[in-house]
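# Structural characterization, general
For reference, the chains in residue letters:
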Number of protein chains: 2
Amino acid sequence: MKQQRNTRQRQLVLAAVRARCDHPSADQIYLDVRAIDERISRGTVYRNLNILVQQGEVLQVKLPHMDRFECQSDKHYHLLCQGCGAVCDVHLPYYAELDEQAAKKTGYTIERHRAVFEGLCPNCRNKKI
Amino acid sequence: MKQQRNTRQRQLVLAAVRARCDHPSADQIYLDVRAIDERISRGTVYRNLNILVQQGEVLQVKLPHMDRFECQSDKHYHLLCQGCGAVCDVHLPYYAELDEQAAKKTGYTIERHRAVFEGLCPNCRNKKI
DNA sequence: ATGGGTGCAAAGTGTTTGCAAGTAT
DNA sequence: ATACTTGCAAACACTTTGCACCCAT
């Protein structure tokens, strides 16, 4: 990986990801940073998010419609509310055995798995009934 | 759901999904169908894929960059080769307990979870070493 | 000083949609 | 006859990129 600088813009992007507890989209982060520095551009935010993901500072969660971001931590699962689109972490242990089993079944080298639970949050459940 | 017709185009799309054992993208399906009917349009293929997913005939697999499709079957997991982008099914049992545990932890109503394993297929592993 | 980074706007990529004409029921 | 579908092209949503200037090291 090539030598990288620590620009004010990159710091702002990382701070914005850390300041949020939900799982913001790239554009939400852009808007947050934009509230602090009104001259930063979308391109810069997207570029820096990609760099931070590559560096392992930020985790990218692939979801329908668009990706979301959060600060890097242990492997864990995500939960998507199909009513309102909210995303939250699921604090279950990471089932490393699944990786071994999948490796045995398929012959692939498995690095990890990602799981997304789908359901309804209490709020949306009540609305639907 | 409104009354739906069984057009030639819809049949072609469904047949194209069934004819493939890998997990084609919408555009791959478009190209396959296009090889048979050179007048079908992208919009029609995308529209029909969405309808077939809604009907439960076809399963949509959400992956980085773009979605992939396969014919509907039991809940199962997917494996993505990070080298060549190939996708395949993982024939492990579906861990329904995970859904219960996640429901207990979060208070959400959980319908299901989707898991994607990430790794390297034998071919790509050999190339990398 | 040097080469990575920025802002901007244009271009990409994958998907959806408005519309007039066509067709399954 | 009705109203769902089609082909087409334009529009969309999200992201990447070319370029000239800028600035962290």
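Bear in mind that the values here come from a model prediction, so they are computed numbers and not experimental data. (Residues numbered from 1 in each chain as written. Chains lettered and ligands numbered in written order. Predicted model: local features only at pLDDT ≥ 70, side-chain atom pairs only at ≥ 80, totals over all residues. Heavy atoms only, no water.)

### What about the nonpolar core?
Inside soluble globular proteins, nonpolar side chains tend to come together where they are buried. Core analysis: the biggest nonpolar cluster contains 32 residues, and Tyr77(A), Phe117(A), Tyr77(B) and Phe117(B) have the highest contact counts within it. Contributing elements (two or more residues each) for this core: strand 3 (77-81), helix 4 (96-106) and strand 5 (109-120) of chain A together with strand 3 (77-81), helix 4 (96-106) and strand 5 (109-120) of chain B. Not counting the four nearest positions on each side in its chain, Tyr77(A) is found in contact with Cys88(A), Asp89(A), Val90(A), Leu92(A), Pro93(A), Tyr94(A), Tyr95(A), His113(A), Ala115(A) and Phe117(A). (Core = buried A, V, L, I, M, F, W, Y, C linked by side-chain atoms within 4.5 Å. Buried < 20%, exposed > 50% of the residue type's maximum accessible area, 1.4 Å probe, protein only. Helix = DSSP H or I, 4+ residues; strand = E, 2+ residues; numbered from the N terminus. Contact = heavy atoms within 4.5 Å.)

### Some words on the protein's contact with DNA strand D
With respect to spatial proximity, 22 residues lie near DNA strand D, and among them Tyr46(A), Arg5(B), Thr7(B), Gln9(B) and Thr44(B) are the closest. Near-protein atoms of DNA strand D (within 4 Å) split between backbone and bases, with sugar and phosphate holding 70%. At a separation of 3.4 Å, a phosphate oxygen of DNA strand D approaches a polar backbone atom of Arg39(B). Take Ser41(B): an N or O atom from its main chain is 3.3 Å from a phosphate oxygen of DNA strand D. Of all the secondary structure elements, the ones that give two or more residues to the surface near DNA strand D are helix 3 (42-55) of chain A together with helix 1 (8-19) and helix 3 (42-55) of chain B. Considering each element in turn, the surface near DNA strand D owes the most residues, 4 residues, to helix 3 of chain A. (Near = heavy atom within 4 Å. Polar contact = N/O pair within 3.5 Å; in protein donor to acceptor, adjacent residues only side chain to side chain.)

### Points about the interface of chain A and chain B
The interface is formed by 34 residues belonging to chain A together with 33 residues belonging to chain B. Summing both sides of the interface, chain A and chain B together bury roughly 3100 Å²; the carbon and sulfur share of this comes to 61%. Where chain A touches chain B, the interface holds 2 salt bridges. The residue Glu118(B) makes a salt bridge to Arg114(A) at a minimum N-O spacing of 2.5 Å. Here chain A and chain B share 16 residue pairs in polar contact (both at pLDDT 80 or more) between them. Mapped by element, the contributors of at least two residues to the side of chain A that touches chain B are strand 3, strand 4 (87-90), helix 4, strand 5 and helix 5 (122-128) of chain A. With 12 residues, strand 5 of chain A is the largest single contributor of residues to the side of chain A that touches chain B. Here the residues of the side of chain A that touches chain B are counted per class, giving 18 nonpolar, 8 polar and 8 charged. By the bridge criterion, 11 bridges tie strand 5 of chain A to strand 5 of chain B in an arrangement that is antiparallel. When the sheet's bridge partners are listed, Leu120(A) is paired in strand 5 of chain B with Thr109(B). (Buried area = accessible area lost by both parts, 1.4 Å probe. Salt bridge = Lys/Arg side-chain N within 4 Å of Asp/Glu carboxyl O. Nonpolar A, V, L, I, M, F, W, Y, C, P; charged D, E, K, R; others polar. Pairing = 2+ DSSP bridges.)

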